[in-house]
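# Results of the structural survey
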Amino acid sequence: MNDVHNHVLTVIDFMKTGHKTCFVKVIGFDAESGQDFEGEVKFVGDLPFGDLIHPERSHLSSSCREFVRDDLLHRYSQGQFE
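About the criteria used
Residue numbers here run from 1 along each chain, matching the order of that chain's written sequence. Given that the model is predicted, a residue must reach a pLDDT of at least 70 before its local features are reported, and side-chain atom pairs must reach 80 or more before they are shown or counted; all residues, however, enter totals for whole chains, interfaces and linings. Side-chain figures throughout are based on the complete set of non-hydrogen atoms in the structure, without hydrogens or water. Disulfide: a pair of cysteine sulfur atoms within 2.5 Å of each other. With a 1.4 Å probe rolled over the protein chains alone, any residue whose accessible area is under 20% of its type maximum counts as buried; one over 50% counts as exposed, and the rest are partly exposed. Strands pair, by our definition, only if DSSP identifies at least two bridges between them. Only DSSP runs of H or I covering at least 4 residues are called helices, and only runs of E covering at least 2 are called strands; the numbering of each starts at the N terminus. What goes into a patch is any residue over 30% in relative accessible area without a salt bridge, connected to like charges within 9 Å or, for nonpolar side chains (Val, Leu, Ile, Met, Phe, Trp, Tyr), within 5 Å. Areas reported as accessible are Shrake-Rupley estimates using a 1.4 Å probe. Residue values count occlusion only from the protein chains shown. When a carboxyl oxygen of Asp or Glu is within 4 Å of a side-chain nitrogen of Lys or Arg, the pair counts as a salt bridge.

Take the state of the cysteines next. When the sulfur atoms of two cysteines share a covalent bond, that bond is a disulfide. Applying the stated rule across the entire model yields zero disulfides. Between Cys 22, a free cysteine, and Cys 64, which holds the nearest cysteine sulfur, the sulfur-to-sulfur gap is 20 Å. Since its relative accessible area comes to 1%, Cys 22 is described here as buried.

As structure tokens, this is what we get:
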């Protein structure tokens, strides 16, 4: 069985601040590189920002970076960080 794309993402904590800003702390596993990771993503309005998901600054594999971004956007749109 090929586990290359079985990335793992766990939300550790989140905090809402003023001006429609939410900080989300995560840990996870990048299955492509075989490395654990941790980091923080900031939502401003409905858009996520941060080095963890930035195409040029992230240390995650591209598939894991996309997985993290998509997963957090889905959770955010479902209201899990209210």
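That was the structure; now back to the text.
Turning next to the pairing of strand β2 (residues 21-30). One ladder, built from nine bridges, connects strand β1 (residues 8-17) with β2; its direction is antiparallel. In the strand pairing of β2, Val 8 is matched with Phe 29. In textbook terms, the turn of a hairpin is the stretch between consecutive antiparallel strands, and for β1 and β2 this stretch comprises three residues, one of which, His 19, has a positive phi near 60 degrees. Where β2 and strand β3 (residues 35-44) come together, 10 bridges link them in antiparallel fashion. Bridged to Thr 21 within β3 is Val 44. The hairpin formed by β2 and β3 contains four residues between the paired strands, and Gly 34 there has a positive phi angle of roughly 75 degrees.

Now for a nonpolar patch on the surface. Taken together, Val 44, Leu 47 and Phe 49 make up a surface patch of nonpolar side chains, about 260 Å² in accessible area. With respect to the element layout, Val 44 can be found in strand β3. Val 44 sits in the partly exposed class, given a relative accessible area of 35%.

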